[in-house]
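# What the coordinates show
For reference, the chains in residue letters:
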Amino acid sequence: QVQLVESGGGLVQPGGSLRLSCAASGFTFSRYRMTWYRQAPGKERELVAAISAGGNTNYADSVKGRFTISRDNAKNTVYLQMNSLKPEDTAVYYCNAVFAFSDYWGKGTTVTVSS
């Protein structure tokens, strides 16, 4: 059974940090491109950061220099380190795994940046 389980969300003050985790199971994690998306209230889902099977990364312009995506294939987990958080980072963050015709999604974790 395929599962992607996000964790690490919560309430944080502007300028703070959070580390999101996405634990994968039920498929060969190391083969998959892993992506973090987010969806803010009233907005469309957008790509935040992605990491290929080979470790290449790309980021949305809005998070470059503040967020870092990484993966640990031994733990079947992808991470999103988020620093210097802003209120506009408030959203539900989703984990996505893609390989060939397989496309899996987690249920999301909520990040709220507010004072």
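Now for a description of the structure that goes with this document. Keep in mind it's a predicted model, so treat the numbers as computed, not measured.

Let us look at the sheet that holds strand 1 (residues 3-7). Across the sheet, four strands lie side by side as 1-3-8-7; this open sheet has antiparallel pairing. The open sheet terminates on both sides in strands that have one partner only, identified here as strand 1 and strand 7 (67-72). Here the average twist between neighbouring strands, direction ignored, is 15 degrees. In this sheet, strand 8 (residues 77-82) lies alongside strand 7 in antiparallel orientation, the contact comprising six bridges.

What follows covers the environment of Tyr104. Following the sequence through the fold, Tyr104 ends up in strand 10 (residues 102-105). Residues Tyr104 and Gln3 lie 101 residues apart in sequence; the distance between their C-alpha atoms is 8.0 Å. The residues touching Tyr104, leaving out its near neighbours within four places in the chain, are Val2, Leu4, Phe27, Tyr32, Cys95, Asn96 and Ala97.

Bridge analysis of strand 4 (residues 33-39) against strand 9 (residues 91-99) gives seven bridges, and the strand direction is antiparallel. Its bridge partner lying in strand 9, Arg38 is registered against Tyr93. Across five bridges, the pairing between strand 4 and strand 5 (residues 46-51) is antiparallel. Residue pairing across strands places Tyr37 opposite Leu47, the latter belonging to strand 5. Here strand 4 folds back onto strand 5, and the loop between the two strands holds six residues, one of which, Gly42, carries a positive phi near 75 degrees.

What counts, and where the lines are drawn
Residues numbered from 1 in each chain as written. Predicted model: local features only at pLDDT ≥ 70, side-chain atom pairs only at ≥ 80, totals over all residues. Heavy atoms only, no water. Pairing = 2+ DSSP bridges. Helix = DSSP H or I, 4+ residues; strand = E, 2+ residues; numbered from the N terminus. Axes fitted to C-alpha atoms, helices over the stretch in contact; angles between N-to-C directions. Contact = heavy atoms within 4.5 Å.

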